[in-house]
Amino acid sequence: TIKIIMDTDPGIDDAAAITMAINDDNIDLKLITTVAGNVTVDKTTKNALKLVRFFNSDIPVAAGAKQPLIKPFEDAARIHGESGMPGYDFPEDLPKPMNKSAVEALRDAIMASDEKITLVPTGSYTNIALLFSEYPEVKDNIERIVAMGGSLGMGNMTSAAEFNVFTDPHAARIVYNSGVPIVMVGLDITMKALLTHESIEKLPTLNETGKMLHDIIIHDGDNSDSGIAMHDVNTIFYLLHPEAITTKEMWVDVQTEGPAMGETVGDIRGAYHDGKTNASVCVDIDAAAFNKWFIEEVTNMSK
Ligand code: BDR
Ligand code: CA
């Protein structure tokens, strides 16, 4: 099993990614930490707790950063709704978040693990940047970071920037220059592996989890005729099915200022870094395999 920690801002596609991670036996989800992003951190924390409660799971949830390191916070409620996870009536009796902050919880969980942990951020990287600044020793017990965010091509916030990196470009810059290997799961594949309307219509016929996912996914503002982007779910798909995704090694850095603020700049030509790389960038994906896997995963869930 792959030991992971998810650092998230649920968020509709985050919710689907957490659902896969909680339920797949090949993944051992140790901790969920939350960050401000799609909506405020109070809401993203509540949404993570709703999912944990829905699956009767005992995975701890720790609340993290209320705002980016430097840039003012802007949410994405226009895509994810006011609550961040609209459309389904989750139980109201929610467990409590941990009695420590995300950074402390991350440190403790990473240091306590007998095997190296894979960090899976699906929101902006504020908590991870703070963790690396405060407790750099954790890096030695991190396998790698499989992060949703960034794009070699177009952005989805600005022409240049993807939302998670745009939200906190300074944190992204710290994480990309941290020395910990990164898999960049960006828009280059997530806009390709849309969950088709056919797949979405199947979900409620499968089980209660399928109904829950269907009911929230149809509220996603990131919707087109060919389907709905499930950005964050691509991180979990990558962990389980790397053979369905093509990656390219390169150096990636992040713009923190100007019109391209939040852009992930991949040194595709290898012009600046002497052959040194810090990231495996996902550049292509088998979209049909992604859809097939998504439906199979939910079909196999016990709820
Ligand atoms: C990312 O932005 C958020 O709105 C999604 O949850 C995903 O993490 C896609 O750009
Ligand atoms: Ca997200």
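Going by an unreviewed UniProt entry, the protein chain carries the name Nucleoside hydrolase and comes from Secundilactobacillus silagincola.

## A few points about the overall build of the protein chain
Regarding its fold elements, the protein chain presents 12 helices and 13 strands. For a compact globule of 303 residues, the expected C-alpha radius of gyration is about 19 Å, and the protein chain comes in at 18 Å, within 12% of that figure. Burial analysis of the protein chain (303 residues in total) assigns 53% to the buried set.

## Describing unusual backbone geometry
Cis geometry is found at the peptide bond from Pro10 to Gly11, where omega equals -5 degrees. Relative to the helices and strands, Gly11 resides in the loop between strand S1 (2-8) and helix H1 (12-23). The residue Asn56 is not glycine, and still its phi comes out positive at about 50 degrees. Secondary-structure assignment places Asn56 in the loop between helix H2 (41-54) and strand S3 (61-63). In this model, Asp274 sits at a positive phi of 55 degrees, which is unusual for a non-glycine residue. The residue Asp274 is located in the loop between strand S12 (264-266) and strand S13 (279-285) in this model. Residue class for Asp274 comes out exposed when judged on the 8 C-beta atoms lying within 10 Å of it.

## Digging into the site of ligand 1
Neighbouring ligand 1 are 14 residues; Gly11, Asp13, Ala76, Phe163 and His231 lie closest to it. Within the shell around ligand 1, the residues separate by chemical class into four nonpolar, six polar and four charged.

## Focus: the sheet that holds strand S6 (residues 182-185)
Within a sheet, neighbouring strands are paired by backbone hydrogen bonds and run either parallel or antiparallel to one another. Strand order in the open sheet made by the eight strands is S3-S2-S1-S4-S5-S6-S13-S10, with mixed pairing throughout. Of all strands in the sheet, those with a lone pairing partner are S3 and strand S10 (245-250), marking the two edges. Averaged over all adjacent pairs, the angle separating strand axes in this sheet is 25 degrees, with direction ignored. Here three bridges tie S6 to S13, and the two strands are oriented parallel to one another. Bridge pairing links Met184 to Val281 in S13.

## Overview of the sheet that holds strand S9 (residues 227-229)
Taken together, three strands build an open sheet; the order of strands is S7-S9-S8 and the sheet is antiparallel. Lying at the two open borders of the sheet, with one neighbouring strand each, are strand S7 (194-195) and strand S8 (223-224). Looking at chain direction, S7 and S9 are connected through two bridges and run antiparallel. Residue pairing across strands places Leu194 opposite Ala229, the latter belonging to S9.

## Quick notes on the packing of helix H4 (residues 102-112) against helix H5 (residues 126-134)
H5 packs onto H4 with a crossing angle of 65 degrees between their chain directions and a minimal axis gap of 9 Å. Taken as a pair, H4 and H5 cross one another with a handedness that is right-handed. Contacts between H4 and H5 involve Ala102, Val103, Leu106 and Arg107 from the former and Asn127, Leu130, Leu131 and Glu134 from the latter. For the contact of H4 with H5, a count of residues per class yields five nonpolar, one polar and two charged.

## Details of the packing of H1 against helix H10 (residues 208-217)
Direction vectors running N to C along H1 and H10 enclose 165 degrees, while the axes themselves pass 9 Å from each other. On the basis of their axis angle, the class for H1 and H10 is roughly antiparallel. The element H1 and its partner H10 pack so that their crossing is left-handed. For the pair H1 and H10, the contacting residues are Ile12, Ala15, Ala16 and Thr19 in the first and Thr209, Leu213, Ile216 and Ile217 in the second. Tallied by class, residues from the contact of H1 with H10 come to six nonpolar, two polar and no charged.

## A word on the UniProt feature "domain: Inosine/uridine-preferring nucleoside hydrolase" (unreviewed entry) in the protein chain
UniProt records the feature "domain: Inosine/uridine-preferring nucleoside hydrolase" (unreviewed entry) for residues 4-291 in the present numbering. This span, residues 4-291, is 33% helix and 20% strand, and a straight line between its end C-alpha atoms measures 23 Å.

## What about the pairing of strand S2 (residues 27-34)?
Taking burial as the measure, the eight residues of S2 include six buried ones, the bulk of the element. Relative to S2, S1 is paired through seven bridges, and the arrangement is parallel. In the sheet register, Ile2 faces S2, and the bridge partner there is Ile27. Considered for its hand, the β-α-β crossover made up of S1, H1 and S2 is right-handed. As paired elements, S2 and S3 share three bridges and run parallel to each other. When the bridges of S3 are listed, Thr33 appears paired with Ala62. Once you follow S2 into H2 and on to S3, the crossover reads as right-handed.

The rules we used
Once a new chain begins, its residue numbering starts again from 1 and follows that chain's sequence as written. In the order they appear in the text, chains get letters beginning with A and ligands get numbers beginning with 1. With pLDDT at 70 or above as the cut-off, local features in this predicted model cover only qualifying residues; side-chain atom pairs require 80 or more to be listed or tallied, and sums for whole chains, interfaces and linings still use all residues. In this text, helices come from DSSP runs of H or I with a minimum length of four residues, and strands from runs of E with a minimum of two, each type numbered from the N-terminal end. Our radius of gyration looks at C-alpha atoms and nothing else; its globule reference is 2.2 Å times the residue count to the power 0.38. Here the C-beta atoms are placed from the backbone, and a residue counts as buried if at least 20 other C-beta atoms lie within 10 Å of its own, exposed if 12 or fewer do, and partly exposed otherwise. To decide nearness, the C-beta atom of each residue is placed from the backbone, and the residue is near a molecule or strand if that atom lies within 6 Å of it. Here the term charged refers only to Asp, Glu, Lys and Arg, the term nonpolar to Ala, Val, Leu, Ile, Met, Phe, Trp, Tyr, Cys and Pro, and the term polar to all other amino acids, Gly among them. For two strands to be treated as a pair, DSSP must find at least two bridges joining them. In this description, a line fitted to the C-alpha atoms serves as the axis of each element, helices being fitted only across the stretch in contact, and the angle between N-to-C directions of two axes falls anywhere from 0 to 180 degrees. By convention, the crossing between two helices is left-handed when the near helix turns anticlockwise from the far helix through less than a right angle, and right-handed when the turn is clockwise. In this description, any two residues whose backbone-derived C-beta atoms lie within 7 Å of each other are considered to be in contact. When an angle is under 35 degrees it counts as roughly parallel; over 145 it counts as roughly antiparallel; between 65 and 115 it counts as roughly perpendicular; any other value is oblique. UniProt positions are given in the numbering used here, feature names are shortened, and annotations may be inferred rather than shown by experiment. We call a crossover right-handed when, viewed with both strands directed away from the observer, the connection leading from the first strand over the helix to the second proceeds clockwise.

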